Amino acid sequence: MSDRARESTRAAEPTGFLYPFIDAEERDAGSLLAELAGSARRKIAESQAVRRDALRACAAMIDAAATAMCSSFLAGGRLFTFGNGGSATDARLVTSRFLDPPSGRALPSICLDDDRAVITALANDVGFDVVFARQLRAHARRGDIALGLSTSGGSANVLEAFAAAHDIGLTTVGLAGYDGGSMAVSGHVEHCLVVRSDSVHRIQEAQDALVSELWTQVQRRLDQVDPR
Amino acid sequence: MTFAASNGTDVVAGDLADAVAAASLTLARAFAAGATLWCVAPEWPAHAEHVAVEFVHPVIVGTRAFPAIPVGAADPVAGVRVLARPGDVVIVIGTTRATGIRPLLRRAGAWGLTSIWLGTGPRPEAAWADHLIWLQGPDAHGPGPGVPGEAVDFVLAYHLLWELTQVVFEHPGLLTAPVDEPAGEVCITCSDEGRLAEVEAVTDDAHADVLAGGRRESIDVRLVDPVEPGDLVLVHAGVAIAVVDGAEP
């Protein structure tokens, strides 16, 4: 599209995005592209704002969680991560970052979403609510760390995992969205980082920023306590 | 990403927005025509899985589900070659250092695929993919920046791709490309460069079966050094005129 065409489509109908076209004869892709790009700009700005707010609101809790995780790692603790759907992939990326970081020290982390044999066996034989809790009861020891992600804060299998983690005596770090959901009031999650948004996508983006900051602070503390 | 601290509308955010918008229109049109989206992320397979689940199981009730599948093959070239069909789309997520990305993207056109590269690092030439969605800023590991403006964010970019692709489906008249749009940037019969094709089989001393633009054809290979399956060649008027390095643009 020419710059001139782009300008003319931007000038036209700035509120057009409010009224999705139902006209199958619509043919001006330039107008749609301008609308899409404008929507993307607003979402990018919102994502940045949600992240900034979450990092600010959770600063003290990240500080406390990083201190507890640092102590755990120094005592030989391991980090278990878990979540569902997109949060499962985010959990996997948290484990990758701790276990195989681009810089800093490698730390032991296991993603409970990785083992398809165990997950499907438990889901098939018992139910999906136990797929993380049963793994924690099998693998985790007092002093390890459980980190779970749920945008709603209400995923049953994540909540069951935290209940198990609390029983076993793990350091518990939870990430939730909206108002924190059941995770925030369960009493099983010591460090509950809540992203105050009602968009699953913006929540996940801010959760990624929070766990990234958590990783950075854990590395910094380990360097201070145990310089190499 | 290098965002301005006070707003999301600086130059880099604008580039990202424009790139995602264009890729979303292409992707929506491909889905409307029956395409599958193949998701490849050699460095962080979880990103490929995350893209796929966005499309297959949308978080917003009432939005459409689309076929999107992570490619788990150790060699993404070998995997996508047998998985994808002409008209499909492949999205590759990764840095310029990732092995496997360039050989895959180099072949996508020959296989009849549309390609999207969501990447970071030194910006490659535009010819590497039909759509480059490029994140500026220091290379980072995995998702999300710790501090806004300090690192890349693949997750935001593919969330936007999903959100905008859904928006395109609210515009049914635009889900098919206009017929008067040029089919390609160069004339395929008189272009100096010729068309890129991948050798499937050498059939005799003089001929090979190749895939070009997703179509199989027999070409004359007497003008070039001996080729073997998987090699890339430039084809002009039914004749291979050069063997191409699959890792170069």
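Residues numbered from 1 in each chain as written. Chains lettered and ligands numbered in written order. Predicted model: local features only at pLDDT ≥ 70, side-chain atom pairs only at ≥ 80, totals over all residues. Heavy atoms only, no water.

A. Layout of the nonpolar core. Judged by nonpolar contacts, the single largest core of 51 residues is most densely connected at Leu37, Phe55 and Ile133 of chain B. Residue assignment for this core shows that the elements contributing at least two residues are helix H2 (29-57) of chain A together with helix H1 (11-32), strand S1 (37-40), helix H2 (45-56), strand S3 (89-95), strand S4 (114-120), strand S5 (131-135) and helix H5 (154-168) of chain B. In terms of nonpolar packing, the next biggest core, distinct from the first, is built from 32 residues, Met69, Leu175, Ile203 and Ala206 of chain A among them. (Core = buried A, V, L, I, M, F, W, Y, C linked by side-chain atoms within 4.5 Å. Buried < 20%, exposed > 50% of the residue type's maximum accessible area, 1.4 Å probe, protein only. Helix = DSSP H or I, 4+ residues; strand = E, 2+ residues; numbered from the N terminus.)

B. Region of interest: the pattern of salt bridges. Applying the stated rule across the entire model yields 17 salt bridges over all chains. As a salt-bridge pair, Asp153 of chain B and Arg51 of chain A come within 2.2 Å of each other at their nearest N and O atoms. Taken together, the residues Asp153 of chain B in the loop between S5 and H5 and Arg51 of chain A in helix H2 connect one chain to another. We note that Asp153 of chain B, like Arg51 of chain A, is buried. The salt bridge involving Arg105 of chain A is made with Asp223 of chain A; its shortest N-O contact spans 2.9 Å. Of this pair, Arg105 of chain A sits in the loop between helix H4 (86-99) and strand S2 (109-111) while Asp223 of chain A sits in helix H9 (residues 200-225), and the two are 118 residues apart along the sequence. Overall, the relative accessible area of 7% leaves Arg105 of chain A in the buried class. Assessed through its relative accessible area of 44%, Asp223 of chain A is described here as partly exposed. A single salt-bridge network, built from bridges that share partners, covers Lys43, Arg202 and Glu205 of chain A together with Glu163 of chain B. (Salt bridge = Lys/Arg side-chain N within 4 Å of Asp/Glu carboxyl O.)

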